[in-house]
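Each chain, letter by letter, is given below.
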Amino acid sequence: MAAPSIALKSHEIPLSHELKGHVGMWCLIAAESAIFTIFVVAYLFYAGKSLIGPYPNEVLHVPVFNSICLFSSSFTIVMAERALKRAEIKLFGIWWFFTIALGAIFILGTAREWYGLIYHDHLTISTNLFGTTFYSLVGLHAFHVIVGLTGLTIIMIFTALGYVTHEHEYRIGVFALYWHFVDAIWVVVLSVVYFIAR
Amino acid sequence: MDPAIPNIFHPASTPADDIHHLALFVLAICGGIFVTVFSLLVYAVVKYRRREGDDDSEPPQIYGSNQMELAWTVIPVVIVFVLFLATARIIHAIEDKPMPPGTLEVVAVGHQFWWEFQYPQQGFITANELHVPVSKGANGTPTHIKLLSADTDHSFWVPQLAGKTDLIPNHPNETWIEPHETGIYVGQCAQYCGVQHAKMLLRVIVDSPEDFQKWVDGQKTPAAQAASAAHGREVFEATACVNCHTVTGTNANGKFGPDLTHFMSRETLASGAALNTRENLRQWIKDPDVIKPGALMPAMQMTEADIDAVTDYLETLR
Amino acid sequence: MLDADSLSQPMFVPEAGAASRPFLERLHDWIVTVDHKKIGLMYVGYGVLFLVIGGIEAGIMRAQLAFANNHLVSPETFNRMFTMHGTTMIFFAAMPIVFGIANYLVPLMIGARDMAFPRLNAFSFWMSALGGIILYFSFVGGNGLYGAGTAPDVGWFAYAPLTAQAFSPGHSTDYWIIGLLVSGIGSIGTALNIITTIVCLRCPGMTMWRLPMIAWLNLITTGLVLIIISPLTAAQIMLLLDRYLGAHFFDTQAGGSAVIWMHFFWIFGHPEVYVLVLPAFAILSEVIPVFSRKPIFGYNIMVLATIAIGFISLSVWAHHMFTVGMTSYANAFFVASTAAIAVPTGIKIFNWLGTMWGGKLIFATAMLFCIAGVAQMLMAGLTGIMLACAPFDWQLGNSYFVIAHFHYVILGVIVFAIFGASYYWYPKITGRLMNETLGKWHFWLFLIGFHLTFDFMHIPGILGMPRRIYTYEASRGWEVWNQIVSVGVIFQGVAVLCWVVNLLWSVYKGRKAGNDPWDAWTLEWSTTSPPPDYNYAIVPTVRSRRPLWDLKHPEDPDWKYE
């Protein structure tokens with residue numbers, strides 16, 4: 001293969017193939033942000049418009065512990081990535097496990113909150129506009145957490161079986177980006193549902 | 001008198017006039033742009049075509065021209081700005097117009113597939129054919145129409161009288177008309193509302209002030225109690241007709257279907273789907289699906305004698 | 001490196017006995033392929049199939065409307081026809097063809113060997129295909145297990161509350177929802193793929209400002225797709241929740257809003273039409289220069305104008321809602337934003353004119369379609385300006401004037417561009433040229449039919465004919481215009497038949513094309529026709545927007561002027 005006879009200037013060299021995972025994941029994040037935006041808009045539009053109760057300020061309590069767990073899982077996943085970079089697979093596995101655990105606690109906490117709302121406060125998706133928009137928005141987020149937990153668990157299994165090495169650092173990073181996105185969405189949902197539109 | 005073709009370029013009412021003027025202005029500008037650019041395109045296609053015997057050399061490779069780009073950016077921006085100003089003025093003139101004291105108030109409720117018209121100032125309800133007074137001279141008597149819906153989305157469109165405005169449940173809207181000439185103006189529902197959207201027709205009868213008053217007086221009288229139709233009335237009240245229809249002064253006060261108190265004062269039935277003749281009326285009562293398949297009025301499976309009786313009765317409701 | 005030597009050497013040696021492989025094996029090849037070219041062709045084939053089906057649905061409507069008080073089909077059937085026609089044409093004809101062309105051409109034109117995520121590419125195609133199958137299954141299964149089948153009949157934009165269980169019982173509406181939800185997943189996957197491909201897989205030397213127009217405009221298009229499909233998905237999930245879990249998003253009895261469905265739908269719906277038209281603009285921008293023998297006039301401005309169109313298109317949606325009773329200020333805002341989008345669109349029309357000006361125009365069939373496309377974009381843009389002026393829209397909206405306007409864009413620009421693209425790139429895809437005589441018949445018949453139908457269709461709208469009505473009274477004065485409109489459809493049908501026959505016949509009997517039958521300048525013409533599976537044996541390096549021009553004119557290369 002002949003060497004190119006024109007030398008390219010640095011600005012003529014396009015973005016590397018190697019970055020395609022990140023670019024692709026950012027595209028997915030853009031699309032997912034759009035769907036969350038619409039559910040948030042619906043939530044805000046219908047805030048205060050329910051014809052009958054229960055109303056948010058009667059039944060909602062800020063899920064402090066749950067949120068701390070979810071936000072911490074972003075920290076633990078970063079620690080896992082750093083361990084993997086240093087090829088410390090066992091440490092990576094431990095931090096990864098904690099990420100799953102924290103995410104699972106979040107989901108269980110959400111389930112517990114919903115149980116109380118449904119059976120104790122008699123709030124369902126069909127009760128009123130608040131019920132409709134609350135369960136759909138929080139539920140959409142919880143669905144994304146569950147998808148993330150599923151991916152995390154698959155990677156956990158591969159790690160336990162010894163297939164994950166430090167060569168997978170880039171791909172793990174792309175997946176971690178998704179997990180951080182899920183966290184960032186929780187910042188928005190938490191603010192809107194439990195503070196702004198309460 | 002037959003209604004004219006509902007041409008938006010034959011306006012007969014103030015808001016339609018305003019739109020007409022804007023339309024002509026916009027058409028003139030768009031027409032000018034079209035003629036100019038299309039001519040240039042035709043010119044280019046003719047002048048710059050490759051000809052027989054032409055050598056195979058390439059023409060001058062022009063990459064662009066900043067001056068041209070500037071020109072054909074600035075000029076369209078100016079045109080767009082002018083159009084925006086003209087449009088905004090008309091939007092305001094129509095949407096935000098205050099109604100004078102003599103305004104007639106009407107509430108229109110859209111149903112699948114008919115129109116309910118309430119006259120709150122006069123205290124009666126009618127259906128499908130809207131009577132309004134003509135508005136002449138300095139003290140106008142426009143008609144202000146509040147638009148509600150009992151079920152799905154509809155749209156009130158009588159092209160010669162005004163632009164269309166939608167009737168949306170849980171979202172009251174309003175429109176107004178100010179007709180200058182007496183006559184009959186036709187329109188129809190302009191937002192798909194279900195299977196018989198096509199036959200949810202509108203008839204607006206613009207009366208002289210005297211004729212309008214006569215009509216109002218007629219609508220305010222209670223239902224006729226003709227002895228000749230007593231049997232028909234019995235059948236009407238015994239069959240489920242009363243569950244859907246109202247005839248004031250009787251025990252029929254259903255709200256699902258049109259008010260029939262002065263049914264014979266209307267030129268058409270089934271919201272314009274057929275002329276109000278005895279034959280059509282009988283057919284409608286016997287089986288609505290023949291005239292308007294999918295209409296929400298069921299065929300009541302009556303005997304022929306009962307159908308005749310009910311038809312007789314309805315024909316007395318003048 | 002791309003040079004005169006590599007152009008003259010064969011890029012690959014065809015497999016011995018390739019033609020005699022068993023049919024099932026070749027079919028299997030296509031089903032499991034992850035090659036962007038095969039996937040692109042499957043997208044286009046799928047789209048063309050649904051184009052024909054959607055055309056039949058239109059034909060049924062036009063036959064019914066040709067006479068006042070006609071009884072050819074029932075109102076129920078007619079309402080299903082317009083719903084399915086609109087949904088099919090937008091989601092299962094136009095979008096797949098657009099994605100298919102992008103899939104085939106983008107990697108070739110940026111010097112890449114495939115898309116960034118080939119398996120995702122295949123997955124996205126099959127999801128889109130599944131969506132169409134689900135929608136059409138409604139003809140069989142629409143009323144549930146024991147009822148007769150019925151297709152959805154709520155209109156392609158499915159306004160609430162007509163779509164509530166109360167007004168649309170049975171499952172026909174659900175097939176509309178689910179078919180589109182599923183194909184939406186495919187759309188997002190493809191969009192993600194095309195963006196990543198263009199951003200990360202360009203060949204050396206291909207800076208963003210040297211991208212071919214096809215790549216630039218598909219980049220902006222897929223960026224729009226990423227943002228707008230989700231609002232539709234969200235609204236459809238909300239509708240499903242309303243219909244099955246008793247939610248109240250659009251339940252006006254519980255305080256819900258029918259108008260918010262319109263907002264969510266049109267936030268998707270309006271940019272969607274730009275998703276369809278920008279790739280058509282890209283085709284015009286590739287074909288017109290080659291047959292004018294000049295580069296595209298004002299490349300930088302064309303790109304910037306398209307980016308502007310992309311952004312502005314996200315702000316105009318409520319011009320579909322001028323009649324719902326927004327305040328005068330809201331109406332005025334949407335007048336301004338809608339009129340504003342005319343400026344970059346006009347710039348593009350002028351730049352195409354500038355490309356042709358001073359050139360040496362060759363009237364190949366591909367070029368005829370593209371020139372007609374430019375003229376028709378001018379007309380369609382102007383009727384769009386008329387509709388942008390809200391009070392004028394209060395008369396013309398929801399009437400046959402609007403139907404004429406948007407078909408002018410979709411058929412007059414997008415389909416014309418697609419036809420042009422087929423004549424232009426068919427030699428690259430198959431190695432043979434399409435028949436020019438049959439192509440001219442196709443063009444002239446379709447041009448006549450298109451104008452008969454859609455020029456005259458403006459008139460019933462002006463005379464008060466609303467859309468979505470299965471019949472009308474004779475006294476309205478609409479009959480003669482409807483008849484002319486319906487006659488045009490016959491011409492279009494015959495024309496499309498010419499095209500399909502040409503497509504099939506030319507595979508076997510078309511003249512061999514060689515690498516570069518049109519003496520063009522972008523990278524795809526440097527490889528063989530058809531290209532090998534791996535596109536390029538040696539990844540090219542480029543120095544300008546027209547790498548083949550540089551090679552053919554070493555004394556006057558583009559990179560000296562760009």
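Peer 1: Would you explain the overall build of chain B in this entry?
Peer 2: If you tally the helices and strands in chain B, you get eight helices and 14 strands. For chain B, the C-alpha radius of gyration of 27 Å lies well beyond 20 Å, the compact-globule estimate for 318 residues. Each principal axis of the C-alpha distribution contributes one length, and for chain B these read about 95 × 50 × 35 Å. Per-residue burial for chain B yields a buried fraction of 43% across its 318 residues.

Peer 1: It is not clear to me how the overall build of chain A should be interpreted in this structure. Could you clarify?
Peer 2: Helix and strand counts for chain A come out as six helices and zero strands. Counting only C-alpha atoms and orienting by the principal axes, one finds that chain A spans roughly 75 × 40 × 20 Å. The 198 residues of chain A split such that 32% are buried.

Peer 1: So what exactly am I meant to see when it comes to the sheet that holds strand E1 (residues 104–111) of chain B here?
Peer 2: Remark on secondary structure: sheet strands pair via backbone hydrogen bonds, oriented parallel or antiparallel. All names here are of chain B. Ordered by their spatial adjacency, five strands build an open sheet running E3-E2-E1-E5-E8, and the pairing between neighbours is mixed. Every interior strand has two partners, whereas the edge strands, strand E3 (124–127) and strand E8 (173–177), have only one. Within this sheet the neighbouring strands show an average axis-to-axis angle of 25 degrees, counted without direction. By the bridge criterion, five bridges tie E1 to strand E2 (residues 114–119) in an arrangement that is antiparallel.

Peer 1: Where do I start with the sheet that holds strand E10 (residues 201–207) of chain B in this structure?
Peer 2: Residues and elements named next belong to chain B. With mixed pairing, five strands are arranged side by side in an open sheet as E4-E10-E9-E6-E7. In this open sheet, the two edge strands, each paired with only one partner strand, are strand E4 (129–133) and strand E7 (165–167). Adjacent strand axes in the sheet meet at a mean angle of 25 degrees, parallel and antiparallel pairs treated alike. Strand direction decides the pairing type here: strand E9 (residues 183–189) and E10, joined by six bridges, are antiparallel. For glycine 187, the partnering residue across the bridge sits in E10 and is leucine 202. Across the sheet, helix H3 (residues 209–220) lies against E4 and E10, angled at about 135 degrees from E4, the strand it touches most.

Peer 1: I keep staring at the domain arrangement of chain B and nothing clicks. Help me out?
Peer 2: Quoted interface sizes are often the accessible area lost when the parts come together. All names here are of chain B. Assigned domains of chain B: these are domain 1 (1–44 + 67–207) and domain 2 (227–315). For domain 1 and domain 2, the distance between their C-alpha centres works out to 33 Å. Counting from both sides, the interface comprises 17 residues of domain 1 and, opposite them, 14 residues of domain 2. At the level of secondary structure, the elements contributing two or more residues to the side of domain 1 that touches domain 2 comprise E2, E3 and E10. Of the residues belonging to the side of domain 1 that touches domain 2, the class tally is nine nonpolar, four polar and four charged.

Peer 1: It is not clear to me how the interface of chain B and chain C should be interpreted in this structure. Could you clarify?
Peer 2: Taken residue by residue, the interface counts 75 residues in chain B and 74 residues in chain C. Of the residues forming the side of chain B that touches chain C, the biggest block, 16 residues, is contributed by helix H2 (residues 66–95) of chain B. Tallied by class, the residues present in the side of chain B that touches chain C amount to 43 nonpolar, 20 polar and 12 charged.

Peer 1: Please clarify how the packing of helix H4 (residues 75–109) of chain C against helix H7 (residues 213–245) of chain C should be interpreted in this entry.
Peer 2: Residue and element names in this part refer to chain C. The interhelical angle for the contact between H4 and H7, taken along N-to-C directions, is 125 degrees, at an axis separation of 9 Å. One element, H4, and the other, H7, form an angle in the oblique class. Of the two elements, H4 crosses H7, and the hand of that crossing is left-handed. The residues of H7 that touch H4, namely those facing Ala102, Leu105, Val106 and Met109, are Ile214, Ala215 and Asn218. Its residues assigned to classes, the contact of H4 with H7 comprises six nonpolar, one polar and no charged.

Peer 1: So what exactly am I meant to see when it comes to the nonpolar core here?
Peer 2: In globular proteins that are soluble, nonpolar side chains generally tend to be buried together. Counting residues in each nonpolar core, the largest one holds 328 residues, and the members touching the most others are C:Ile110, C:Leu284, C:Val287, C:Cys370, C:Ile414 and C:Ala417. When residues of this core are assigned to their parent elements, the largest contribution, 23 residues, is made by helix H8 (residues 258–292) of chain C. For this core, the domains that each give at least three residues are domain 1 (1–44 + 67–207) and domain 2 (227–315) of chain B. If we skip the residues at most four places from it in the chain, C:Ile110 touches C:Ile198, C:Leu201, C:Arg202, C:Cys203, C:Met206, C:Leu211 and C:Ala215.

Peer 1: Explain the pairing of strand E6 (residues 154–157) of chain B to me, please; I cannot follow it from the model alone.
Peer 2: On a regular strand, each side chain points to the face opposite its neighbour's, so the side chains alternate between the two faces of the sheet. All names here are of chain B. A two-sided burial pattern is seen for E6, the buried positions comprising His154 and Phe156 on one face and Ser155 and Trp157 on the other. Sheet topology places E6 next to E7; three bridges connect them, and they run antiparallel. Each bridged residue has a counterpart across the sheet, and for serine 155 the counterpart in E7 is aspartate 166. As paired elements, E6 and E9 share two bridges and run antiparallel to each other.

Peer 1: Mind showing me how you'd approach H8(C) here?
Peer 2: Owing to its 3.6 residues per turn, the α-helix aligns residues three or four sequence positions apart on the same side. Residue and element names in this part refer to chain C. Taking 1.5 Å of rise per residue, 35 residues should cover 51 Å, and H8 covers 51 Å from first to last C-alpha, within 8% of that figure. Of all bends in H8, the biggest is about 30 degrees, found at tryptophan 266. Across the 35 residues of H8, 32 count as buried, placing the element largely inside the fold. Backbone geometry just downstream of H8 places arginine 293 in the positive-phi region, at approximately 65 degrees.

Peer 1: Mind showing me how you'd approach the interface of chain C and chain A here?
Peer 2: Taken residue by residue, the interface counts 38 residues in chain C and 36 residues in chain A. Elements with a contribution of two residues or more to the side of chain C that touches chain A: helix H6 (172–200), H7 and H8 of chain C. With 11 residues, H7(C) is the largest single contributor of residues to the side of chain C that touches chain A. In the side of chain C that touches chain A, the residues fall into 26 nonpolar, 10 polar and two charged.

Peer 1: Would you explain unusual backbone geometry in this entry?
Peer 2: Glycine aside, residues mostly have negative phi, and peptide bonds are mostly found in the trans state. In this chain, B:Gln112 is followed by B:Phe113 through a cis amide linkage whose omega measures 10 degrees. In this model, C:Ser529 is joined to C:Pro530 through a cis peptide bond whose omega is -5 degrees. Examined against the element boundaries, C:Pro530 turns out to sit in the loop between helix H17 (479–509) and helix H18 (547–552). Despite not being glycine, B:Ser271 shows a phi value in the positive range, around 55 degrees. Positionally, B:Ser271 belongs in the loop between strand E13 (268–269) and strand E14 (274–275). Judged by the 25 C-beta atoms lying within 10 Å of it, B:Ser271 is buried. Its identity as a non-glycine residue notwithstanding, C:Asn535 has a phi of 65 degrees, on the positive side. Relative to the helices and strands, C:Asn535 resides in the loop between H17 and H18. Judged by local crowding, C:Asn535 falls into the buried class, with 22 C-beta atoms found within 10 Å.

Peer 1: Please explain the environment of B:Asn128 as it appears in this structure.
Peer 2: Residues and elements named next belong to chain B. The topology assignment puts asparagine 128 in the loop between E3 and E4. Residues asparagine 128 and serine 271, 143 residues apart in the sequence, show an inter-C-alpha distance of 5.1 Å. Discounting chain neighbours no more than four positions away, the residues touching asparagine 128 are Trp114, Trp115, Arg203, Pro258, Arg266, Thr268, Ser271 and Gly272.

Definitions and cut-offs
Residues numbered from 1 in each chain as written. Chains lettered and ligands numbered in written order. Predicted model: local features only at pLDDT ≥ 70, side-chain atom pairs only at ≥ 80, totals over all residues. Helix = DSSP H or I, 4+ residues; strand = E, 2+ residues; numbered from the N terminus. Rg over C-alpha atoms; globule rule 2.2 N^0.38 Å. Buried ≥ 20, exposed ≤ 12 C-beta atoms within 10 Å, placed from the backbone. Pairing = 2+ DSSP bridges. Axes fitted to C-alpha atoms, helices over the stretch in contact; angles between N-to-C directions. Contact = placed C-beta atoms within 7 Å. Domains from an automatic or database assignment. Nonpolar A, V, L, I, M, F, W, Y, C, P; charged D, E, K, R; others polar. Parallel < 35°, antiparallel > 145°, perpendicular 65-115°, else oblique. Left-handed = near helix turned anticlockwise from the far one by under 90°. Core = buried A, V, L, I, M, F, W, Y, C linked by C-beta atoms within 7 Å. Expected span 1.5 Å × (residues − 1). Bend = angle between axes of the 7 residues up to and from the residue.

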